[in-house]
Amino acid sequence: MFAGGTETEKIRTKVIPTYGMHCSGCEETVTNEVMKLEGVKSVKADHVNKTVTVKYDDKKVTLEQLKAAIVNAGYKLTE
Ligand SMILES: [Cu+2]
């Protein structure tokens, strides 16, 4: 176990169902858009499973902002 982790930074992992991705190009588009947000640690878009998995610091960015970025990239959160 690492020492030195701070309690002020709280990393959450959220799997967001995302529709409209058809290829790795789409995954890249979504990833780039979500990565622009401050506090986002990593993004893994998966067009086969229709999910975007985001690791983020919930003190810096909200789930709503993550969802807005996905919509902004041109994809949908519901079928
Ligand atoms: Cu595509």
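See the structure printed just above.
Residues numbered from 1 in each chain as written. Predicted model: local features only at pLDDT ≥ 70, side-chain atom pairs only at ≥ 80, totals over all residues.

Student: Any chance you could explain helix α1 (residues 24-35) here in plain terms?
Tutor: Because the α-helix completes a turn every 3.6 residues, residues three or four places apart line up on one side. With twelve residues, α1 extends 16 Å between its outermost C-alpha atoms, agreeing within 8% with the 16 Å of an ideal straight helix rising 1.5 Å per residue. As for α1, its buried residues are in contact with β2 (40-46), β3 (51-57) and α2 (63-72). (Helix = DSSP H or I, 4+ residues; strand = E, 2+ residues; numbered from the N terminus. Expected span 1.5 Å × (residues − 1). Contact = placed C-beta atoms within 7 Å.)

Student: Looking at this structure, I do not really get unusual backbone geometry. What am I missing?
Tutor: Apart from glycine, the bulk of residues carry a negative phi angle, and the bulk of peptide bonds sit in the trans form. The backbone of K50 shows a phi angle near 60 degrees, a positive value even though the residue is not glycine. With respect to the secondary-structure elements, K50 resides in the loop between β2 and β3. On the neighbour-count criterion, K50 (16 C-beta atoms within 10 Å) is partly exposed. (Buried ≥ 20, exposed ≤ 12 C-beta atoms within 10 Å, placed from the backbone.)

Student: Any chance you could explain α2 here in plain terms?
Tutor: For α2, the complete set of buried residues consists of L66, A69 and I70. Along α2, the residues classed as buried sweep out an arc of 100 degrees about the axis, all on the same side. Opposite the buried face of α2, by more than 90 degrees, sit the exposed residues E64 and N72. Of the surrounding secondary structure, the elements contacted by the buried residues of α2 are β1 (11-17), α1 and β3. G74 sits one or two residues past α2 and shows a positive phi near 105 degrees. (Arc of directions from axis to C-beta.)

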